[in-house]
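Per-entry structural report
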Amino acid sequence: MGRLDGKVAFITGAARGQGRSHAIRLAQEGADIIGIDVCEAVETNKIPPATQEDLDETVRQVEALDRRIIATKADVRDYDAVKSAVDAGVAELGRLDIVAANAGISGTPNRAEEIPEKDWMTMIDINLSGVWRACKAAIPHLRAAGGGSIIITSSDAGLFAYENISHYVSAKHGLVGLMRTLALELAPDMIRVNSVHPTTVATDMVMNDTIFKLFRPDLENPTKDDFAAAAVQMNALPVPWVEAVDISNAVLFLASDESRYITGVPLPVDAGAAVK
């Protein structure tokens, strides 16, 4: 028996990276999946976007595990689209028990006073408000199921500051406040709410020239190895990054009955970065 047999999970940002990893890991433990992703470029984000083909690959891998998945192209900046996707998924799969609010962007690094207004607003709209919209759309279905678990993807940048990404840091700190407030508001309904706080993760969101230059401004064209030399300094354990499945295993724990009395907790999965 799987740890999530009979349960349904809603995952945002499901086309690739951590979102795909979450979908696969939860499906391995018996969950059916409702997934959404924007599958197109965000103007203020320099990282190449996920595509419809990426989302189709997530579907293929989940279905290869003999689980059902309803995957929809939807933008977390559009509440009606998010709600429509969740409602349609629940209508097809019968219920909702788990939310993994994972969708987010890294944005374009800049000093706080030099961030364009559009960059700031887009960051907050996706990384903070987008999580609120996903939760808002899902909560009635969790309540109807008699309870459930919401797992919000924040960051170590939600626990302490980094230079040159104040918009990202602000959004990720805001998620902690949202998580704690929802944990209080939803506790009477037996809906638990927690956040996970990764260090750098080996996904497309991190493994790109924009992030390499953020970590190594001293080099004109830093490589992955140059980035690794800087990233390893962040963590207590001597590793430069973790893998997406490491975050997925934490999401799985928080989604499962093994954590049935854990709520309101910011959980670092960060190789000790938060204590260094």
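Residues numbered from 1 in each chain as written. Predicted model: local features only at pLDDT ≥ 70, side-chain atom pairs only at ≥ 80, totals over all residues. Heavy atoms only, no water.

All right, on to the environment of A134 then. Its place among the elements puts A134 in helix α5 (residues 129-144). Classification of A134 by relative accessible area gives buried; the value is 0%. Separated by 66 residues in sequence, A134 and T200 place their C-alpha atoms 24 Å apart. Those residues in contact with A134 that lie beyond four places of it in its chain are F10, T12 and V82. (Helix = DSSP H or I, 4+ residues; strand = E, 2+ residues; numbered from the N terminus. Buried < 20%, exposed > 50% of the residue type's maximum accessible area, 1.4 Å probe, protein only. Contact = heavy atoms within 4.5 Å.)

A few words now on the packing of aromatic side chains. Considering all chains together, one arrives at four aromatic pairs under this definition. Here the aromatic rings of F227 and W241 are separated by 5.7 Å at their centres, their planes lie at 10°, and the arrangement is stacked. Separated by 14 residues along the polypeptide, F227 in helix α8 (residues 224-231) and W241 in the loop between α8 and α9 (244-255) bring together distant segments of the chain. For the pair formed by F227 and W241, the shared burial category is buried. An aromatic cluster is built from F212, F215, F227 and W241, whose rings are joined through pairwise contacts. Of note, K136 hangs over the ring of Y79, and the distance from its end group to the ring centre comes to 4.7 Å. (Phe/Tyr/Trp six-rings, centres within 6.5 Å; stacked < 30°, edge-to-face > 60°. Lys NZ or Arg CZ within 6 Å of the ring centre and 35° of its normal.)

What follows is about the pattern of salt bridges. For the structure shown, the criterion picks out 16 salt bridges. One salt bridge in this structure joins R111 and E163, with 3.3 Å as the shortest N-O distance. Here the residue R111 occupies a position in the loop between β4 (98-101) and α4 (117-127), and E163 occupies one in the loop between β5 (148-153) and α6 (166-186), the gap between them amounting to 52 residues. Take E163: its relative accessible area is 60%, and that puts it in the exposed class. Taken together, the shared-partner salt bridges in this structure form one network comprising D32, R67 and R68. (Salt bridge = Lys/Arg side-chain N within 4 Å of Asp/Glu carboxyl O.)

Distances and angles like these do not, on their own, reveal function.
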